[in-house]
Amino acid sequence: MRIAFHETSKTFHLYNEAISYIVTIMRNGHLGQVYFGKRIRDREDFTYFMETCERPMTSYIYEDDRTFSLEHMRQEYPVFGTTDYRQPAVEVRQENGSRLSDFQYENHEILKGKPKLSGLPATYVESEEEALTLRVALKDGLTEVRVELFYTIFAEGGALARSVRFYNDGGQPVWLERAMSLSLDLPDCDYVWQQLCGRWAGECQVRSRALTQGVQAIGSMRGNSSHEHNPFLALKRSHTDERQGEVIGFSFIYSGNFRIQAEVDAHDTLRVMAGINPETFSWKLDAGESFQTPEAVVAYTDQGLNGMSQIFHKLYQKRLARGYWRDRPRPILINNWEATYFDFTEERLLEIAAKAKECGVELFVLDDGWFGKRNGEKAGLGDWTANRDRLPHGIAGLAQRVEALGMKFGLWFEPEMVNKDSDFYRERPDWILATPGRSQSHGRFQYVLDFSRKEVVDAIYEQMAKILREAKVSYTKWDMNRSITECYSGAWPADRQGEIYHRYILGVYELYERLTTEFPEILFESCASGGGRFDPGMLYYAPQGWTSDNSDAVERLKIQYGASMCYPISSMGAHVSVTPNHQVFRNTPLHTRANVACFGTFGYELDLNKLTQEEIQEVKEQIDFMKKYRGVLQFGKFYRLQSPFEGNEAAWMAVSDDQKTALVGWYRVLNCVNGRYTRLRLEGLNPSFCYKNARNGMRHYGDELMYAGLITSDETAGQIPAGVEPYTDFESRIYVLEVDES
Ligand code: DGJ
């Protein structure tokens, strides 16, 4: 890994074994983008790649040069209005109404390691040898606004982290109307755009389309990153698939309003940007103030989509997620939500916990409904004290009883919300986000607390910390069940109202930071009605998230497959729930529900007391299996093999670091009779290791399994020989392959 600065060509070359990222200081002092892609040999001058030519209807900076127009230059942090007509990365409104800036190179610095982003989640390093960071300072001479662009290249892997810091060194206030974290101009647009989008209970659906002239964007204006769009984009070549081909992945480490967009211009060059959504953002920068953007990560590989995902998985698992639970296999939990909803007593909870304990479950999680006057959706949020009618021994007493069973205890919160029917709201009605003179919309009868105010965050912190101090809580589920409306804060002046969405998220991060610091061994799971805030920002505080409120195994195949594009398996909450399923009312076999959930942070969300003896036996076996293999399933190298978006069958696999154990998940949605022969060509095995297939006892070398394939055909062609269980719809198998040392 190295960051070279070539004085004569004024070019920076950031490179490691995998990638090169090259930028240059252009004639006008702006930063130009030369190259991003597979590692190339370093040399003094690459600026010949900055192709320009004289084009009609173009505006030029210099009278002596009819080729230098920003419209046709690839730039690193472009502005609008001085010859570039594309969408800009930055817009600074000044007191006189002008929005022009001219950010010219001032100085740069090459730092060992990676500086922290104050108040924001970001990738990090544990030693200075793990990364190098380039800081380039640019200044607008007129306003004296200084922009610092940060680029971090890691010792290994194809990822580069970028963020931007603004300083107002001038005497007048300015307003940042747009401050993207990353802007990348690429020389061609021959990519397929692949996004993760969807809806509540149907998140992370993989959708693709070709790029064409104009702007294409995804984003959120809901206050949370959203169920609708995940802050992730892949641009892949048309021939790229899971196993091979070029792809560039963009991921934005942020949990609020975001935008990721690609603009193809008239000459088929491409500008990609990621950052806070400018639609709902305006930040006043008074003289002497600074502003830090969130971080965006861009990753390049020619190893296909799996190669890209593995870059993100490793970085996010090891250098974004933090703390005690980062590297630890996750406890197998039981959550009471789908078992009881709001209808429970302490006794009933303990019955559920006791049965789960008997099956081998390690953690009991009490979900919504334990606090204030919370008998349903209409009351209680904001009053974080136990409802003694239901829980006569309080949370501390219940936790003690669960611990006495030999399990850990976990608790649900929704810290950012209040019901109007709560003591908290009655005492502080002006602490919600609300626009003066306008009515307040609700979502699920709840209102959003104004987390842009420190006193609000403090008050919620005090309530939560009190419970966590008094009771033995080992896990916390942090929910968020509505998006923001009427976003206005009574605590901030008129010219700072454009800051509220971002200040809100900063408040959420602040609360997370305080709680995870005071309670470092509590495992936090993020949640926002399932996957409404399943993003890298959350991963920094909560190493796992509830992937979706949809717990149906067939639906989960798509959701988890899509989420795995960017997020590691250790981050995906996945539970076995009851049938008929509560979202789609489908009946799937118990083994298929477990076979999908085991590629995640595994748990149950049902009352095991209601299962038959036979089913309980199966659950016990599932739990034993998970305990044995969760290290590989959650932390091994993950490969997608067959997409549920493309057919009736889906498959994925995880391989241990030493390549001695591999677990292959194979799933078929609808059964068929007299079907085709099927094989899965596996990935990531050691070609010369001999693996034993636990399903049939057969032995195969890694090369056989990878190049010829693992046979997954049914043993029958629709006939049912004696002694063989007939296959049905929603069939699945886990193939355990272990190196045979005998
Ligand atoms: C939405 C979550 O996603 C569910 O798992 C559950 O916690 C409910 N909220 C509780 O209100």
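Please read these numbers as outputs of a predicted model, since none were measured by experiment.

**Q** Describe the packing of helix α3 (residues 346-359) against helix α11 (residues 613-635), naming the residues involved and giving the relevant values.
**A** At their nearest, the axes of α3 and α11 sit 8 Å apart, and the two run at 60° to each other. Residues K355, E358 and C359 of α3 lie in contact with α11, whose contacting residues are Q613, I616, V619, K620 and I623.

**Q** Just give me the short version of the packing of aromatic side chains, but keep the residues and values in it.
**A** Considering all chains together, one arrives at 40 aromatic pairs under this definition. Considering the side-chain rings of Y21 and Y151, the 5.5 Å spacing of their centres and the 50° angle between planes classify their relative orientation as tilted. Linking Y21 in strand β3 (residues 19-25) with Y151 in strand β8 (residues 145-154), this pair joins segments that are 130 residues apart in sequence. Positioned above the aromatic ring of Y324 is the side chain of R328, whose terminal nitrogen or guanidinium carbon lies 3.7 Å from the ring centre. Between R733 and the ring centre of W666, over which it is positioned, the NZ or CZ distance is 4.1 Å.

**Q** Account for the layout of surface pockets, naming residues and giving values.
**A** If a probe the size of a water molecule is rolled over the atoms, the empty space left behind becomes visible. Reported here for the largest pocket is a volume of approximately 1000 Å³. Together, 35 residues line the largest pocket, and E156, G157, Q310, I311 and K314 are the ones closest to its centre. Listed by contribution, the elements that provide at least two residues to the lining of the largest pocket are β20 (295-301), α1 (304-319), α11 and β31 (637-642). The residue makeup of the lining of the largest pocket, split by class, is twelve nonpolar, eleven polar and twelve charged.

**Q** Give a detailed account of the packing of helix α9 (residues 553-563) against helix α10 (residues 590-597), specifying residues and quantitative values.
**A** The N-to-C vectors of α9 and α10 enclose an angle of 15°; their axes lie 9 Å apart at closest approach. As summarised for this structure, α9 and α10 are arranged roughly parallel, according to the angle between their axes. Note on packing geometry: the crossing formed by α9 with α10 is left-handed. Facing A553, R556, L557 and Q560 of α9, the residues of α10 in contact are T592, R593 and V596. When grouped by side-chain class, the residues that make up the contact of α9 with α10 number three nonpolar, two polar and two charged.

**Q** Break down helix α6 (residues 454-470) for me, with residues and values.
**A** Between its terminal C-alpha atoms α6 stretches 24 Å, which fits the 24 Å expected from 17 residues at 1.5 Å a residue. Three or more residues of α6 are buried, namely V456, V457, A459, I460, Y461, Q463, M464, A465, I467 and L468. Buried-residue contacts for α6 involve α4 (394-404), β23 (408-413), α5 (423-427), β26 (475-478) and α7 (500-518).

**Q** Report on the pattern of salt bridges, specifying residues and quantitative values.
**A** In total, this model carries 62 salt bridges according to the counting rule given. Close ionic contact of D421 with R426 constitutes a salt bridge, the shortest N to O distance being 3.0 Å. A single salt-bridge network, built from bridges that share partners, covers E109, R135, K139, R146, E148 and D169.

**Q** Could you give me a rundown of the site of the ligand, with the residues and numbers involved?
**A** Lining the immediate environment of the ligand, one finds 13 residues, of which D367, D368, K477, D479 and D549 sit closest. Within the side chain of D367, a nitrogen or oxygen atom sits 2.6 Å from an oxygen atom of the ligand. In this structure, W546 approaches the ligand through a side-chain N or O atom, which is 3.4 Å from an oxygen atom. Of the residues belonging to the shell around the ligand, the class tally is four nonpolar, three polar and six charged.

**Q** Go over the pairing of β23 with me, naming the residues and quoting the values.
**A** Counting buried positions along β23 yields five of six residues, so the element is predominantly enclosed. Sheet topology note: the strand β22 (residues 363-366)/β23 ladder contains four bridges and is parallel. Bridge assignment links V365 to a residue of β23, and that residue is G410. Crossover handedness for the path β22 to α4 to β23: right-handed.

Rules behind the numbers
Residues numbered from 1 in each chain as written. Predicted model: local features only at pLDDT ≥ 70, side-chain atom pairs only at ≥ 80, totals over all residues. Heavy atoms only, no water. Axes fitted to C-alpha atoms, helices over the stretch in contact; angles between N-to-C directions. Helix = DSSP H or I, 4+ residues; strand = E, 2+ residues; numbered from the N terminus. Contact = heavy atoms within 4.5 Å. Phe/Tyr/Trp six-rings, centres within 6.5 Å; stacked < 30°, edge-to-face > 60°. Lys NZ or Arg CZ within 6 Å of the ring centre and 35° of its normal. 1 Å grid on protein atoms, 1.4 Å probe; cavity = no way out; pocket = protein on both sides within 12 Å on 5 of 7 lines; lining within 4 Å. Points joined across faces, edges and corners; volume = space filled by probe spheres on them. Nonpolar A, V, L, I, M, F, W, Y, C, P; charged D, E, K, R; others polar. Parallel < 35°, antiparallel > 145°, perpendicular 65-115°, else oblique. Left-handed = near helix turned anticlockwise from the far one by under 90°. Expected span 1.5 Å × (residues − 1). Buried < 20%, exposed > 50% of the residue type's maximum accessible area, 1.4 Å probe, protein only. Salt bridge = Lys/Arg side-chain N within 4 Å of Asp/Glu carboxyl O. Near = heavy atom within 4 Å. Polar contact = N/O pair within 3.5 Å; in protein donor to acceptor, adjacent residues only side chain to side chain. Pairing = 2+ DSSP bridges. Right-handed = clockwise from strand over helix to strand, strands pointing away.

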